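Fold and geometry: a report
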Amino acid sequence: MAVFYDTHAHLDYPDYTDDLPQVIQRAEQAGIRKIITIGTDLESSARAVKLAEIYPSVFAAVGWHPSRAPEAPEDFRSQLREWARHPKVVAIGETGLDYHHLPSEKPEFTKSDDEQYQLKQAAVFRQQLEVAAEVGLNCVIHQRDALEPILNQMEPFLGRVRGVFHCFANDAAAMQRIVARNSLVSFTGIVTFKNAQNLRQTLAVTPLDQFMLETDCPYLAPVPYRGKRCEPAYVKEIAELAAQVKGYSMDELSRATCATAEKIFPRLCG
Ligand SMILES: [Zn+2]
């Protein structure tokens, strides 16, 4: 059986409170050998580390999500540094920038609130890039309507920190700019959606050694589970689609995507 990794899951979310052991067991049965559970703030990151300690197949990323930036403490670098010493913490994130929803969408906020929000996101992102560079880990990047500012902010870290642009949903030109900077993209179940023809075209031209697979569960369940709670076992459906789009066998795709993940997150190898 071809084996795969789920490089982006949120196993600490309340969606799995009742049946996490079964969710992880189903992943193992589907050949999903390793799962990276991603922290979105300090509490979530602490839970991610705990899950990595409990389950042999689970690894953790620790960080603060850009959408939650307003609540972030002024400086949380020392906490990240401490977690980064843990052998099962494989990355910093999820971090990045999200300009898709801005405060001024609501009538009580103005453009100057947008500016404050974006400045706070940038500060939270910068701290995570700094820690990643210091400790020698790479970053899991959340990007929405903010590719340019993210690439600009990563520029001083080129050669020290690589990023995985997770839940990649942009065009081939964006993918090329990312891989030209020695970062990567990863694809979710969106590639299986009927209306995602453009994204399948991006996947088709993405070099075999420059992408990974992920669920971003509990969100974005692939077809035929679309709309239901997603779980790591469904990487299999995403892999089947990707193998078909790229014209490789499941074994070839397994070897390539697992090797890519182990290269950008070396602690996955134990
Ligand atoms: Zn996520």
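The paragraphs below set out a description of the structure included in this document. Quantities reported herein were computed from a predicted structural model and do not represent experimental measurements. (Residues numbered from 1 in each chain as written. Predicted model: local features only at pLDDT ≥ 70, side-chain atom pairs only at ≥ 80, totals over all residues. Heavy atoms only, no water.)

Let's shift gears to the overall build of the protein. Scanning the protein from terminus to terminus reveals nine helices and eight strands. Relative to its length of 270 residues, the protein is compact, with a C-alpha radius of gyration of 18 Å against a globular reference of 18 Å. Reported as C-alpha extents along the three principal axes, the dimensions of the protein are approximately 50 × 40 × 40 Å. Sequence separation of at least 24 residues holds for 72% of the intrachain contacts in the protein that already meet a minimum separation of 6. Accessible surface computed for the protein: about 11800 Å², of which carbon and sulfur atoms make up 50%. One way to put it: in the protein the 29 positive side-chain charges average out to a point 4 Å from where the 35 negative ones average out. (Helix = DSSP H or I, 4+ residues; strand = E, 2+ residues; numbered from the N terminus. Rg over C-alpha atoms; globule rule 2.2 N^0.38 Å. Contact = heavy atoms within 4.5 Å. Areas by Shrake-Rupley, 256 points an atom, 1.4 Å probe, with all protein chains shown as cover. Lys, Arg positive; Asp, Glu negative; His and termini not counted. Charge placed at Lys NZ, Arg CZ, Asp CG, Glu CD.)

For the rest of this paragraph, the subject is the environment of His 100. In this fold, His 100 is placed in the loop between strand 4 (89-98) and helix 4 (111-135). Residue contacts for His 100: discarding those within four places in its chain leaves Glu 105, Arg 144 and Asp 145. A polar contact is formed between the side chain of His 100 and the side chain of Asp 145, at a distance of 2.8 Å. (Polar contact = N/O pair within 3.5 Å; in protein donor to acceptor, adjacent residues only side chain to side chain.)

With parallel pairing, the eight strands of this open sheet are ordered in space as 1-2-3-4-5-6-7-8. This sheet does not close on itself; its edge strands, each paired only once, are strand 1 (4-9) and strand 8 (211-213). Averaged over all neighbouring strand pairs, the angle between strand axes comes to 30 degrees, with direction disregarded. Bridge count between strand 6 (residues 163-165) and strand 7 (residues 184-187): two bridges; the pairing is parallel. Bridge pairing links Val 164 to Leu 184 in strand 7. (Pairing = 2+ DSSP bridges. Axes fitted to C-alpha atoms, helices over the stretch in contact; angles between N-to-C directions.)

The subject of this paragraph is the coordination of the zinc ion. The zinc ion binds to the protein through His 8 (NE2), His 10 (NE2) and Glu 94 (OE), with metal-donor distances spanning 2.0 to 2.1 Å. Spacing between the donor residues of the zinc ion along their common chain follows H-x1-H-x83-E. With a gap of 86 residues between them, His 8 in strand 1 and Glu 94 in strand 4 connect regions that are remote in the sequence. An identical accessibility class is assigned to His 8 and Glu 94; each is buried. (Donors = N, O, S within 2.8 Å, 3.2 Å for Na, K, Ca; no water. Buried < 20%, exposed > 50% of the residue type's maximum accessible area, 1.4 Å probe, protein only.)

Examined against the element boundaries, Tyr 234 turns out to sit in the loop between strand 8 and helix 8 (235-246). Separated by 82 residues in the primary sequence, Tyr 234 and Asn 152 have C-alpha atoms spaced 34 Å apart. Residues contacting Tyr 234, with those up to four places away along its chain left out, are Thr 215, Ala 221, Pro 222, Tyr 225 and Arg 229.

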